[in-house]
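# Examination of the molecular architecture
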Amino acid sequence: MMRLLAKDVYLLGGFPHDAVNVYLIGDVLIDAGTRWDTGRVLRQLRGRTVNAHALTHVHPDHQGASQAVVQALQLPFWVAEADVAAAESGSMASQFPQPHHPLVRFQERFLAGSGVPVDRALREGDDVAGFTVIETPGHTPGHVSFFRERDGVLILGDVLGNTNMRDFSPGLATPLDLFTVDPARNRASARKVAALQPSLILFGHGSPEYDGGRFAEFVAGLDARSAPSNVKSMT
């Protein structure tokens, strides 16, 4: 069941709760979960006006159901310019410099959807249903976020999450380096969006964050948390 989070901003229901998030902003669907989310996405969109489908980034847990949704609803498909090749090929591993790790191979084999021709390449400053496209690269080369200035709503994708993907505990966290092509650039993107002073932050994974101050404080400490320790082990 959809939840209304702000004016014209809905979070689609899913299981587990707030684990893999899909949003409807106005008449645009943002992200689509994994290929196994096709049924729940289409069911919840039934009777709704949807005129386009956009991605925050091309990872299997965000584009997995995109082909099925685009075909079923006859929607144009919008993806950031630097992620277009991955979106159209359906192969993240061939486009992004990711490690040859079993989890990466598992996601691509079992969660990803097929490639979809891109109708619009999103760029910084573009308008999507009243939201401004903010380029936030790092997690993928073409990761974007969507910001509505008038009420401070930010759809962040996977720049940060509100669940720790290492142990699935709740709370603000950076994405796993394993799935992030450039962690330092991703932290810079987090600082970029924090400077916008959002009041409601919506993530690809985890529950909404209504405390903009807590979000800003977490982002301010990112570099300190990511710095390697200077303490040598005693042997």
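The structure we're discussing is the one just above.
Cut-off values and rules
Residues numbered from 1 in each chain as written. Predicted model: local features only at pLDDT ≥ 70, side-chain atom pairs only at ≥ 80, totals over all residues. Heavy atoms only, no water. Core = buried A, V, L, I, M, F, W, Y, C linked by side-chain atoms within 4.5 Å. Buried < 20%, exposed > 50% of the residue type's maximum accessible area, 1.4 Å probe, protein only. Contact = heavy atoms within 4.5 Å. 1 Å grid on protein atoms, 1.4 Å probe; cavity = no way out; pocket = protein on both sides within 12 Å on 5 of 7 lines; lining within 4 Å. Points joined across faces, edges and corners; volume = space filled by probe spheres on them. Helix = DSSP H or I, 4+ residues; strand = E, 2+ residues; numbered from the N terminus. Nonpolar A, V, L, I, M, F, W, Y, C, P; charged D, E, K, R; others polar. Pairing = 2+ DSSP bridges.

What follows deals with the nonpolar core. Among the nonpolar cores identified, the biggest contains 22 residues, and Ile25, Val28, Ile30, Val128, Phe146, Ile155 and Leu202 are the most heavily contacted of them. Excluding anything up to four places from it in sequence, Val128 contacts Ile25, Val28, Ile30, Trp78, Arg120, Leu122, Val133 and Phe146. With 16 residues, the next largest nonpolar core counts Phe147, Leu160, Ala190 and Phe203 among its residues.

Moving on, we come to the layout of surface pockets. Within this model, the largest pocket holds a volume of roughly 630 Å³. Surrounding the largest pocket, 29 residues form its lining, Asp61, Gln107, Met165, Phe168 and His205 being those nearest its centre. Listed by contribution, the elements that provide at least two residues to the lining of the largest pocket are helix H5 (102–110), strand E12 (161–163) and strand E13 (170–173). Looking at the lining of the largest pocket, its residues break down into 14 nonpolar, 12 polar and 3 charged.

For the rest of this paragraph, the subject is the sheet that holds strand E11 (residues 153–157). Each strand in a sheet pairs with its neighbour through backbone hydrogen bonds, running either in the same direction (parallel) or in the opposite one (antiparallel). Across the sheet, 5 strands lie side by side as E8-E9-E10-E11-E14; this open sheet has mixed pairing. At either end of the open sheet lies a strand with only one pairing partner, and these are strand E8 (127–128) and strand E14 (200–203). Sheet topology note: the E8/strand E9 (residues 131–135) ladder contains 2 bridges and is antiparallel. The partner of Asp127 across the bridge, within E9, is Thr132.

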